[in-house]
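Okay, here's what each chain looks like letter by letter:
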Amino acid sequence: MATILHKGNPVHTLGDLPPVGSRAPDFRLVGTDFREVGSSDYAGRRKILNIFLSVDTSVCAMSVRTFHARAASLPGVAVLCISADLPYTHKRFCGAEGITGVESLSTFRSSFDRDWGVRIIDGALQGLCSRAVVVLDEDDRVVYTEQVPEIGQEPDYDRALAALGA
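Structural notes, computed from the coordinates. Model, not experiment: these values are computed from the prediction. (Residues numbered from 1 in each chain as written. Predicted model: local features only at pLDDT ≥ 70, side-chain atom pairs only at ≥ 80, totals over all residues. Heavy atoms only, no water.)

The biggest cluster of nonpolar side chains holds 28 residues, and the ones touching the most others in it are Ile-48, Val-64 and Val-79. Broken down by secondary-structure element, the contributors of at least two residues to this core are helix 1 (58-71), strand 6 (77-83), helix 2 (87-97), strand 8 (132-136) and helix 4 (157-164). Tallying contributions element by element places helix 1 first for this core, with five residues. The contact partners of Val-64, leaving out residues within four places of it in the chain, are Asn-50, Phe-52, Val-55, Cys-81, Phe-93, Ile-99 and Val-102. Formed by 20 residues, the second largest nonpolar core is a distinct cluster that contains Ile-51, Leu-105, Val-118 and Leu-136. (Core = buried A, V, L, I, M, F, W, Y, C linked by side-chain atoms within 4.5 Å. Buried < 20%, exposed > 50% of the residue type's maximum accessible area, 1.4 Å probe, protein only. Helix = DSSP H or I, 4+ residues; strand = E, 2+ residues; numbered from the N terminus. Contact = heavy atoms within 4.5 Å.)

Here you go:
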């Protein structure tokens, strides 16, 4: 269980991010077309999992924009933006922003938030995903994790990209 802050008040996640060096848990998520996608759909690619509360918040939206601008064109890299938002919300946001280089995925119909330890279990945001970044290599080994300590804070983009060797 991780303790993070929401506006300075402690909240907790259901578990912890997978440890660096471990094999990442498999996942199934829902794309903007309501098609289910999973770990195997990204086999052989490095992955940035940008996990957040809702694309309808300014910091979450900024993380999608920033990873799109800085990582979406990297060869062999999949940028996965993951939240509990419905697929409609992801599609609307990316369409309005002209974002095409990342995959927006919903935890809708998924156990991702529990399996990856990012489900917030108390406070006003209970049931949403915490803000976290996980970087995986081509073999789905965890090479970097960041559980952002304050929900209103952006992730460390530079460290996440450095973990890719970018």
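Moving on: a nonpolar patch on the surface. A cluster of nonpolar side chains, Met-1, Leu-14 and Ile-121, forms an exposed patch at the surface whose accessible area comes to about 270 Å². The topology assignment puts Ile-121 in the loop between helix 3 (112-115) and strand 8. With relative accessibility at 31%, the residue Ile-121 sits in the partly exposed group. (Patch = residues over 30% accessible without salt bridge, like charges linked within 9 Å, V, L, I, M, F, W, Y side chains within 5 Å. Areas by Shrake-Rupley, 256 points an atom, 1.4 Å probe, with all protein chains shown as cover. Salt bridge = Lys/Arg side-chain N within 4 Å of Asp/Glu carboxyl O.)

This brings us to the packing of aromatic side chains. For any pair of aromatic rings, the description rests on two quantities: the centre-to-centre distance and the angle between the ring planes. Counted by the stated rule, this structure contains seven aromatic pairs. Between Phe-67 and Tyr-157 the ring centres are 5.1 Å apart and the planes differ by 75°, which places this aromatic pair in the edge-to-face class. Here Phe-67, found in helix 1, pairs with Tyr-157, found in helix 4; they are 90 residues apart in sequence, far enough to count as distant. The class for Tyr-157 is buried, based on a relative accessible area of 9%. Taken together, the ring pairs in this structure connect Phe-27, Tyr-42, Phe-112 and Trp-116 into an aromatic cluster. (Phe/Tyr/Trp six-rings, centres within 6.5 Å; stacked < 30°, edge-to-face > 60°.)

Even without glycine at this site, Arg-109 takes up a positive phi of about 60°. In this structure, Arg-109 sits in the loop between strand 7 (103-106) and helix 3. Here Asp-140, not a glycine, exhibits a phi torsion of approximately 65°, which is positive.

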